[in-house]
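Listed below are the residues making up each chain.
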Amino acid sequence: LVSSPLFRSVGQIANQRCGSQVSGRGREWPVMASQLYDLPVSNNGARCRIIVYKKGISDDVKIVSPQELGGLKSPEYLALNPQGLMPLLVLDDGTSIP
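Definitions and cut-offs
Residues numbered from 1 in each chain as written. Predicted model: local features only at pLDDT ≥ 70, side-chain atom pairs only at ≥ 80, totals over all residues. Heavy atoms only, no water. Helix = DSSP H or I, 4+ residues; strand = E, 2+ residues; numbered from the N terminus. Buried < 20%, exposed > 50% of the residue type's maximum accessible area, 1.4 Å probe, protein only. Contact = heavy atoms within 4.5 Å. Areas by Shrake-Rupley, 256 points an atom, 1.4 Å probe, with all protein chains shown as cover. Pairing = 2+ DSSP bridges. Phe/Tyr/Trp six-rings, centres within 6.5 Å; stacked < 30°, edge-to-face > 60°. pLDDT = per-residue confidence, 0-100. Core = buried A, V, L, I, M, F, W, Y, C linked by side-chain atoms within 4.5 Å. Right-handed = clockwise from strand over helix to strand, strands pointing away.

S.K.: How do you make sense of the overall build of the protein when you look at a structure like this?
M.R.: Each helix and strand in the protein was counted, giving three helices and six strands. Order of helices (α) and strands (β) in the protein, N terminus to C terminus: α-β-β-β-α-β-α-β-β. The 98 residues of the protein split such that 32% are buried. Sequence-distant contacts, at least 24 apart, represent 48% of the contacts inside the protein between residues at least 6 apart. By element, 58% of the accessible surface of the protein is carried by carbon and sulfur atoms, the whole surface being about 6400 Å².

S.K.: Mind showing me how you'd approach the sheet that holds strand β4 (residues 61-64) here?
M.R.: Note: strands within a sheet are paired through backbone hydrogen bonds, in either parallel or antiparallel orientation. Here four strands make up an open sheet; going across it, the order is β4-β3-β5-β6 and the pairing mixed. The open sheet terminates on both sides in strands that have one partner only, identified here as β4 and β6 (96-97). Two elements, strand β3 (residues 34-37) and β4, share four bridges in a ladder whose sense is parallel. Within β4, the residue paired with Ser-34 across the bridge is Val-61.

S.K.: What am I meant to see in the packing of aromatic side chains here?
M.R.: The relation between two aromatic rings is expressed through the spacing of the ring centres and the mutual angle of the planes. Counted according to the given criterion, the structure contains one aromatic pair. With 5.9 Å between their ring centres and 80° between their planes, Tyr-37 and Tyr-77 make a pair best called edge-to-face. Separated by 40 residues along the polypeptide, Tyr-37 in strand β3 and Tyr-77 in helix α3 (residues 75-80) bring together distant segments of the chain. Of the residues examined, Tyr-77 reaches a relative accessible area of 0% and is grouped as buried.

S.K.: Which parts of the structure should I look at to understand the confidence of the model for the protein?
M.R.: Caution applies to low-pLDDT regions: their predicted coordinates should not be interpreted in detail. When the pLDDT values of the protein are averaged, the result is 78; 67% of them are 70 or greater. Within the model, the stretch residues 4-11 combines pLDDT values under 50 with 13 contacts to residues more than four positions away or in other chains. Within the model, the stretch residues 13-29 combines pLDDT values under 50 with 29 contacts to residues more than four positions away or in other chains.

S.K.: Just checking my understanding: could you explain the nonpolar core for this structure?
M.R.: Generally speaking, soluble globular proteins have nonpolar side chains that are buried together. The biggest cluster of nonpolar side chains holds six residues, and these are Leu-36, Val-52, Ile-57, Val-61, Leu-89 and Leu-91. Grouped together as the second largest cluster of nonpolar side chains are five residues, Tyr-37, Tyr-77, Leu-88 and Val-90 included.

S.K.: Whenever I open this one, the environment of Gly-84 confuses me. Can you help?
M.R.: Examined against the element boundaries, Gly-84 turns out to sit in the loop between α3 and β5 (88-90). Note: C-alpha distance between Gly-84 and Gly-71 (13 residues apart in sequence) is 8.9 Å. When neighbours within four sequence positions are excluded, Gly-84 is seen to be in contact with Leu-72, Lys-73, Tyr-77 and Leu-78.

S.K.: Got a minute to help me understand the pairing of β3 in this structure?
M.R.: Covered by surrounding structure in β3 are Ser-34 and Leu-36 together with Gln-35 and Tyr-37, the residues of both alternating faces. For the handedness criterion, the β-α-β arrangement of β3, helix α2 (residues 43-55) and β4 is classed as right-handed. With three bridges joining them, β3 and β5 adopt antiparallel strand pairing. Paired with Gln-35 across the strands is Val-90, a residue of β5.

As C-alpha cells, this is what we get:
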C-alpha cells in the first residue's frame, strides 16, 4: 500500500513534475508519468479516475486509451496485463497493476 502511487513522497512528485530526476552521482534521466489505461465507458475505470482526481494527482497520472496500444487484446497490451482487462495502472518505474 505504501508503494502505491497515491502515497508517493512529495520529493518523488516534485521530481516527476520537473521531468527529470538526479541520481546519487549527479546524472539526470527522464521520469515517465504513471499511466492509467482506461476508457470513459468503464465503470471500474471511473472509480480509479475519481480517486486520481480526488487525490489531486491528475497531473501525475496520464489517462490513456488502450486503443493507443492496439486494443485490449493486442500483444503490447497483453504484455502489460495478461488478463487483457481494464483499468490498468502502469507506474513510472514500469510496474503494471491490473
